[in-house]
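Analysis of the macromolecular model
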Amino acid sequence: MITIRKSEDRGKGKIDWLDSRFTFSFGDYYDPAFESFGPLRVINEDWIKGGAGFPPHPHRDMEIVTYILDGAIAHKDSTGGGGTIRPGEIQRMSAGSGIVHAEFNASATETCHLLQIWIMPSKTGIAPGYEQKTIDAEAVHNHFGRIAAPQPRENEVRLVQDAEIWTAKLDADVEAIHPLAPGRKAWLQVARGEIALDGQVLKAGDAAAITDQAQIMVRSKAASEVLLFDLS
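A few words on the sheet that holds strand β4 (residues 40-48). Two pairing modes exist for strands in a sheet, parallel and antiparallel, and in both the strands are linked by backbone hydrogen bonds. An order of β2-β3-β4-β11-β6-β9-β12 is seen for the seven strands of this open sheet, with the pairing classed as antiparallel. Edge positions in the sheet fall to β2 (11-15) and β12 (129-134), since each of these pairs with one other strand and no more. Each strand of the sheet is rotated relative to its neighbour by a mean of 20 degrees, with strand direction disregarded.

Moving on, we come to the sheet that holds strand β5 (residues 53-59). Strand order in the open sheet formed by four strands is β5-β10-β7-β8, with antiparallel pairing between adjacent strands. Strand pairing shows two members of the sheet lacking a second neighbour, β5 and β8 (82-85), which therefore form its edges. Neighbouring strand axes in the sheet, compared pairwise and without regard to direction, differ in orientation by 15 degrees on average. Judged from the five bridges that link them, strand β7 (residues 73-77) and strand β10 (residues 99-105) form a sheet pairing that is antiparallel. Following the sheet pairing, Asp77 is matched in β10 by His101.

Our focus in this paragraph is the pattern of salt bridges. Opposite charge on two side chains permits them to pair, given that their charged atoms come into close proximity. Considering all chains together, one arrives at 16 salt bridges under this definition. In this structure, the salt-bridge partner of Arg146 is Glu156, at a minimum N-O distance of 2.9 Å. Placement of Arg146 in strand β13 (residues 145-149) and of Glu156 in the loop between β13 and β14 (157-158) is noted, with a sequence separation of ten residues between them. Of the two residues, Arg146 and Glu156, both sit in the buried class. Between Arg219 and Asp173 there is a salt bridge, with the nearest N and O atoms lying 2.9 Å from each other. Linking Arg219 in strand β21 (residues 215-220) with Asp173 in the loop between β15 (163-170) and β16 (175-179), this pair joins segments that are 46 residues apart in sequence. In this structure Arg219 comes out as partly exposed when scored by relative accessible area, which is 34%. Each of Arg146, Arg153, Glu156 and Glu164 takes part in salt bridges that share partners, so that together they form one network.

In this model, the largest pocket occupies a volume close to 290 Å³. In terms of lining, the largest pocket is formed by 19 residues, of which the most central are Leu18, Phe26, Asn44, Phe54 and Gln116. Elements represented by at least two residues in the lining of the largest pocket include exactly β2, β3 (18-22), β4, β5, β6 (63-70), β10 and β11 (112-119). For the lining of the largest pocket, the residue count by class is seven nonpolar, nine polar and three charged.

What counts and what doesn't
Residues numbered from 1 in each chain as written. Predicted model: local features only at pLDDT ≥ 70, side-chain atom pairs only at ≥ 80, totals over all residues. Heavy atoms only, no water. Pairing = 2+ DSSP bridges. Helix = DSSP H or I, 4+ residues; strand = E, 2+ residues; numbered from the N terminus. Axes fitted to C-alpha atoms, helices over the stretch in contact; angles between N-to-C directions. Salt bridge = Lys/Arg side-chain N within 4 Å of Asp/Glu carboxyl O. Buried < 20%, exposed > 50% of the residue type's maximum accessible area, 1.4 Å probe, protein only. 1 Å grid on protein atoms, 1.4 Å probe; cavity = no way out; pocket = protein on both sides within 12 Å on 5 of 7 lines; lining within 4 Å. Points joined across faces, edges and corners; volume = space filled by probe spheres on them. Nonpolar A, V, L, I, M, F, W, Y, C, P; charged D, E, K, R; others polar.

Here you go:
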C-alpha cells in the first residue's frame, strides 16, 4: 500500500528569517492524519536566511538528524559537540536526558536549505551525544545507500531506534530498488527532482508512506535526490 503526501498539502510556517514546510504535525500545525509514521516524528524542510538561525534551545529524548541540501549550517551544543554541516554530510544529535543546542546559517548572505528530521528513540534518558559523518558519495550515486542505522558502518551515524535512513542521488532515467523486509514499512521523501513510484509521479517535497510491500522501486524522471526511512 502506498499513500502519497503531496508537497502542497504540508503545513507551512514563515517568519522573517525562516520558511518551513511540515510533513508531520509540528508547533502550531496539527494534522491528525499525519502526526508521525512509526518512530518517524518530524520532517521539516527549512530555508534559513543568511546570518540567521535557531538560538540556544533545549530538547529531550529525540534523535535529531540534519540533512543539508544547499548552503551550510553551524551547530553547537551543550555536550561540546559542534561543527559546520554541508551537502554530502549527515549530522545526528541524540537529545537523550537533555541537551541545549543552537544552529545558525554558516553564511551571512546565502540561504541554507535543509531537512530537519526527528526520530523517536527506543530508549529514553540516554546520555546526549553528537555525531557528524561524510556520506560515501559513490554508495548513494544511482542507488540507495545507507547513511544512518542502529549498528552503523563507516560513513553512517547511529540511531537509537530500529530505523535506518537511506539516500539516493539519481541521474535522469535511473532505476533504484530497496528491498523491504516482512513487517517493515518505509517513508520515501523526495528532496529534489522528479521520480516515478508505482506509476505515480512525485516531485520535490512530495512523499509516500509505504507498507506491505516486498520492495520499493523508483525511477528518476530527472536528476533527483531522495531519502528513504526503513522502519519497524
